[in-house]
Amino acid sequence: MPLYRRKPFPLVEKPKDLKPQELVFQVRFTKEIFRDYSEYLKRINLYRKRVWTCKATGKVNLTYEEALVSEKEAAERIQNFPKELVAPVLREVQFSMLTLKDLANSIAAKLQGPFSEGAVLYGKKDGRLHRCRIVKVPEEVDKTHYEVTWLGSDNKVTGKALLKGEDLTGKKLPFTRAVLKSFIKDSTYRSFPWVLHDSLVKKHGISTAPPEELKSKISIQDGLVVSHRKRKRSDIEKNTGEVNENGFVHRKGNEKPEAQAVKYPIDDLLVQPSEEDQDLTERPSPCRDFYVPMDCVGNLLMVWDFCTSFGRLLSLSPFSLGDFENAICHKDSTPSLIVESYSALLRLLMKDNGDFSMAIENKKRRPKITAVTWTEYLCDFVETSCALKLSTHVSTIKRGHYGLLDINVKLEIFRELVDQVLATDIFREKLDEHIEERHALASTRRDEALEEGKKRREEKGHRKVGTDIKEVAVEHRPKSVASNHNGLNGVISEKWNGISPQNHSTVDSESERGVVPEKNAEKLNDANVLIEDTSNPSRRALKLMKIDIKEAIETKNTAQRKEYLEREMEKRIVRTNPLGKDRNCNRYWFFRREGKVFVESTDSMQWGYYETKEELDALIGSLNPKGERERALKKQLEKNYNKIK
């Protein structure tokens with residue numbers, strides 16, 4: 001199996017109480033089964049990271065699947081390893097202290113064997129390999145020079161030479177060094193020293209007794225070889241207790257080594273219960289008393305949020321979620337709220353050159369939708385744009401019995417309408433406009449924050465200068481002279497305001513020369529930028545928006561400016577995002593026109609909400625800031641606390 005950061009990685013066990021009809025998530029290449037989609041997604045993302053190592057070849061920076069393929073290919077190569085060479089190779093591997101590379105090179109050199117007289121080999125000559133035959137082998141072991149004769153194309157002798165053993169290349173091995181390395185890694189369960197698996201030792205009759213030079217370094221425990229590694233004295237003292245003069249460790253009573261401190265926040269599922277968690281309140285159960293079925297709540301909220309957020313574009317007055325829910329559930333007749341909502345969405349679709357508008361033109365219907373004719377246009381939409389399962393309800397709508405449709409059918413039609421409106425050019429243009437305006441507002445807010453910070457720094461610098469001057473003046477003031485005190489106060493006053501007596505003349509001279517004040521200079525600078533940006537229309541539009549915004553907030557104080565910018569940004573809706581997730585990945589939503597916090601389960605099949613201030617406080621108090629998700633959720637709830645309350 002692939003190694004995770006060079007260590008074995010256990011797979012998830014198959015659930016024991018798995019039912020035949022239960023829907024689960026399975027990893028294709030490991031066959032692991034998950035009930036929770038978030039856990040399955042987390043494991044898949046881990047397998048896709050390049051942190052895996054092939055156990056057979058040692059290749060690193062692989063994904064899990066790539067490591068599996070590499071191991072499979074290595075196993076196939078190992079199967080072709082010559083059987084007559086298995087035992088000799090294993091004997092060389094057992095208890096070797098060489099590195100993998102050196103061990104493979106050593107075994108390859110030995111398998112090629114010593115050169116003998118009459119052997120036809122290849123020798124180096126003029127930097128290239130040429131065929132040669134060994135004529136004479138050195139008798140002494142220390143001498144490694146061989147006498148050879150060079151062979152031509154027809155095996156005729158073309159010359160003689162004296163070559164070193166390293167300049168001769170013998171017979172080619174039936175496997176590569178990469179295959180040999182894979183064979184060594186596959187046959188052993190540890191390195192330094194390399195130790196073979198028990199099954200291979202018994203099969204080939206290889207000794208399990210370590211050599212004399214290794215007996216002091218290793219020992220056998222429970223049938224496995226264990227190294228005697230010296231631990232640092234400081235580590236032993238820190239983790240286990242005191243060390244006496246002889247190097248033995250004494251534990252103080254039942255004292256346990258200190259646990260390593262955890263740096264928070266961490267993943268919420270890894271947070272362990274502690275004494276600090278006693279301060280957390282019990283999480284209240286969300287209210288679930290919806291009038292619509294539970295599986296329809298998501299569609300209900302989506303349609304309502306869209307209609308209220310973009311009501312100005314749709315020419316639709318805002319309405320509450322409760323009114324919309326009651327109107328959807330009403331069966332006796334069709335409430336005017338439903339009629340107006342459908343009419344507004346259909347009118348916008350008619351303005352777009354899509355399938356629906358083409359169908360209306362082909363049927364030569366009037367361009368005006370009324371409270372009497374709205375069902376005709378709705379039927380045209382369902383027939384042209386909706387799925388086949390929704391088209392079966394057209395006859396019911398035509399007979400004037402819209403209220404008798406199932407709630408999920410009504411909301412599916414609404415959802416399909418909203419999806420079609422989202423794809424229109426009119427809506428896209430409005431969305432782009434909102435995005436540009438939000439960029440301008442955000443840019444203005446950043447400029448305001450920078451300007452405010454600059455003013456604070458200047459005021460702080462002025463106060464520091466004034467304090468220093470006061471201290472110097474008090475130190476040098478003669479006690480008997482009172483007139484000096486009054487004169488010095490005047491100097492301090494001028495310094496306090498950031499203007500020295502010398503600066504007065506400078507200011508006057510600047511006015512005489514026609515130097516522009518700071519605010520007017522800013523306006524002139526903006527105007528110059530606009531002239532320069534004629535080639536970039538988008539930047540020019542952004543600058544114009546910023547100028548309009550600055551003029552609107554020019555007469556307001558700092559607090560009013562912040563409030564104005566926040567309010568204007570809220571008006572320009574782009575999309576509604578969840579506040580965050582809790583420990584179990586349940587999503588929390590807040591819609592600005594509804595004073596509730598909605599809770600959505602991970603599978604979007606269960607919904608609930610918190611409505612009262614007490615429930616909101618209890619929810620915030622139950623979130624554990626040690627977890628990443630609950631920490632972020634708590635921050636967002638506290639940020640929007642006043643709006644929700």
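How each quantity is defined
Residues numbered from 1 in each chain as written. Predicted model: local features only at pLDDT ≥ 70, side-chain atom pairs only at ≥ 80, totals over all residues. Heavy atoms only, no water. Helix = DSSP H or I, 4+ residues; strand = E, 2+ residues; numbered from the N terminus. Buried < 20%, exposed > 50% of the residue type's maximum accessible area, 1.4 Å probe, protein only. Contact = heavy atoms within 4.5 Å. Areas by Shrake-Rupley, 256 points an atom, 1.4 Å probe, with all protein chains shown as cover. Arc of directions from axis to C-beta. Phe/Tyr/Trp six-rings, centres within 6.5 Å; stacked < 30°, edge-to-face > 60°. Lys NZ or Arg CZ within 6 Å of the ring centre and 35° of its normal. Pairing = 2+ DSSP bridges. pLDDT = per-residue confidence, 0-100. Patch = residues over 30% accessible without salt bridge, like charges linked within 9 Å, V, L, I, M, F, W, Y side chains within 5 Å. Salt bridge = Lys/Arg side-chain N within 4 Å of Asp/Glu carboxyl O. 1 Å grid on protein atoms, 1.4 Å probe; cavity = no way out; pocket = protein on both sides within 12 Å on 5 of 7 lines; lining within 4 Å. Points joined across faces, edges and corners; volume = space filled by probe spheres on them. Nonpolar A, V, L, I, M, F, W, Y, C, P; charged D, E, K, R; others polar. Axes fitted to C-alpha atoms, helices over the stretch in contact; angles between N-to-C directions. Parallel < 35°, antiparallel > 145°, perpendicular 65-115°, else oblique. Left-handed = near helix turned anticlockwise from the far one by under 90°.

Student: Provide a residue-level description of the overall build of the chain, including the pertinent values.
Tutor: Within the chain one finds 25 helices and 20 strands. Relative to its 645 residues, the chain shows a buried fraction of 34%. Within the chain, residue pairs in contact and separated by at least 24 positions form 52% of the contacts whose partners lie at least 6 positions apart. Total accessible area on the chain is roughly 42200 Å²; 50% of this is exposed by carbon and sulfur atoms.

Student: Could you give an account of helix α10 (residues 321-329), with specific residues and numbers?
Tutor: For α10, the full list of buried residues reads Leu321, Phe324, Glu325, Ala327 and Ile328. End-on view of α10: buried residues confined to an arc of 165°, all on one side of the axis. Where α10 is buried, its residues touch α8 (297-309), α11 (336-351), α16 (407-422) and β19 (597-600).

Student: Tell me about the packing of aromatic side chains, residues and numbers included.
Tutor: A full pass over the atoms with the stated rule returns 29 aromatic pairs. Considering the side-chain rings of Tyr47 and Trp52, the 5.7 Å spacing of their centres and the 50° angle between planes classify their relative orientation as tilted. Judged by its relative accessible area of 0%, Trp52 is buried. Ring centres of Phe598 and Tyr609 lie 6.0 Å apart, and the angle between their planes is 55°; on these two criteria the pair is classed as tilted. Within this pair, whereas Phe598 is found in strand β19, its partner Tyr609 is found in strand β20 (residues 607-610), the two being separated by 11 residues in sequence. Summarising the burial analysis for this pair, Phe598 and Tyr609 share the class buried. Through a chain of ring-to-ring contacts, the aromatic side chains of Tyr4, Phe9, Phe29, Tyr47, Trp52 and Tyr64 assemble into a single cluster. Residue placement shows Lys596 over the ring face of Tyr609; its charged tip is 4.3 Å from the ring centre.

Student: Residues and numbers for the sheet that holds β19, please.
Tutor: Ordered by their spatial adjacency, 4 strands build an open sheet running β17-β18-β19-β20, and the pairing between neighbours is antiparallel. Each edge of the open sheet is held by one strand with a lone partner, namely β17 (580-581) and β20. Two elements, β17 and strand β18 (residues 587-590), share 2 bridges in a ladder whose sense is antiparallel. Residue pairing for β18: Lys581 is matched across the bridge by Arg587.

Student: Would you mind going over the confidence of the model for the chain in detail, with residue names and values included?
Tutor: The share of residues in the chain with pLDDT of 70 or more is 80%, and the mean pLDDT across the chain is 79. For the chain, helix α18 (residues 483-496) is the element with the lowest average pLDDT, namely 40, and β19 is the one with the highest, namely 96. Low confidence marks residues 243-249, where pLDDT is under 50. Its contacts with residues over four positions away, or in another chain, come to 12 contacts.

Student: Residue-level account of a nonpolar patch on the surface, with values.
Tutor: Among the surface-exposed residues, Phe25, Tyr37 and Leu41 lie close enough to one another that they form a single nonpolar patch of about 250 Å² accessible area. With respect to the helices and strands, Tyr37 occurs in helix α1 (residues 37-48).

Student: Quick one: what's the story with the layout of surface pockets, residue by residue and with numbers?
Tutor: In this structure, the second largest pocket occupies an estimated 850 Å³ of space. Taken together, 25 residues make up the lining of the second largest pocket; nearest its centre are Arg438, Glu570, Arg575, Asn640 and Lys643. Those elements that place two or more of their residues in the lining of the second largest pocket are α8, α17 (425-476), α22 (558-571) and α24 (628-639). Here the lining of the second largest pocket gets 4 residues from one element, more than from any other, and that element is α8. Here the residues of the lining of the second largest pocket are counted per class, giving 8 nonpolar, 6 polar and 11 charged.

Student: Any details on the packing of helix α3 (residues 86-93) against helix α5 (residues 177-187)? Residues and values, ideally.
Tutor: Where α3 contacts α5, the axes come no closer than 11 Å and their chain directions differ by 70°. Overall, the two elements α3 and α5 adopt an arrangement that is roughly perpendicular. Pair α3 / α5 crosses with right-handed handedness. Only Leu180, Phe183, Ile184 and Ser187 of α5 make contact with α3, whose side of the interface consists of Val86, Val89, Leu90 and Val93.

Student: A description of the packing of α10 against α16 should follow, citing residues and the corresponding values.
Tutor: Where α10 contacts α16, the axes come no closer than 9 Å and their chain directions differ by 120°. By the criterion of interaxial angle, the relationship of α10 to α16 is oblique. Taking contact as the criterion, the partners of Phe324, Ile328 and Cys329 in α10 are, on α16, Ile407, Lys410, Leu411 and Phe414. Residues that form the contact of α10 with α16 fall into these classes: 6 nonpolar, no polar and 1 charged.

Student: Pulling in residues and values, what's your account of the pairing of strand β8 (residues 145-151)?
Tutor: Among the 7 residues in β8, 5 count as buried, and that is most of the element. In this structure, strand β7 (residues 128-136) lies alongside β8, joined through 4 bridges in antiparallel fashion. Note that in β8 the partner of Lys136 across the bridge is Glu147. Sheet analysis places β8 next to strand β9 (residues 157-164), joined by 7 bridges and oriented antiparallel. Among the inter-strand pairings, Glu147 is bridged to a residue of β9, identified as Leu162. Between β8 and β9, which follow one another and run antiparallel, lie 5 residues, and Asn155 among them has a positive phi close to 65°.

Student: Go over unusual backbone geometry with me, naming the residues and quoting the values.
Tutor: Here the amide bond leading from Tyr264 into Pro265 is cis, since omega sits at 5°, within 30 degrees of zero. When you line up the elements, Pro265 lands in the loop between β16 (249-250) and α8. Positioned with a positive phi, Lys31 is a non-glycine residue whose angle comes to about 65°. Relative to the helices and strands, Lys31 is located in the loop between β3 (25-26) and β4 (33-34). The phi torsion at Lys364 lies on the positive side, around 55°, for a residue other than glycine. Examined against the element boundaries, Lys364 turns out to sit in the loop between α12 (355-362) and α13 (374-385). In this structure Lys364 comes out as exposed when scored by relative accessible area, which is 75%.

Student: Which residues make up the environment of Arg288, and what values do they have?
Tutor: Tracing the chain through its elements places Arg288 in the loop between β16 and α8. Those residues in contact with Arg288 that lie beyond four places of it in its chain are Met294, Gln606, Trp607 and Gly608.

Student: Any chance you could break down the pairing of β19 for me, citing the residues and the numbers?
Tutor: Where burial is concerned, the two faces of β19 agree: the one with Val597 and Val599 and the one with Phe598 and Glu600 are both buried. The pairing of β18 with β19 spans 4 bridges and is classified as antiparallel. Paired with Arg587 across the strands is Glu600, a residue of β19. Joining the antiparallel neighbours β18 and β19 is a turn of 6 residues. Here β19 runs beside β20; their pairing, made up of 4 bridges, is antiparallel. Its bridge partner being in β20, Val599 is matched across the sheet by Gly608. Linkage of β19 to β20, two consecutive antiparallel strands, is achieved through a turn of 6 residues, within which Ser604 is found at a positive phi near 65°.

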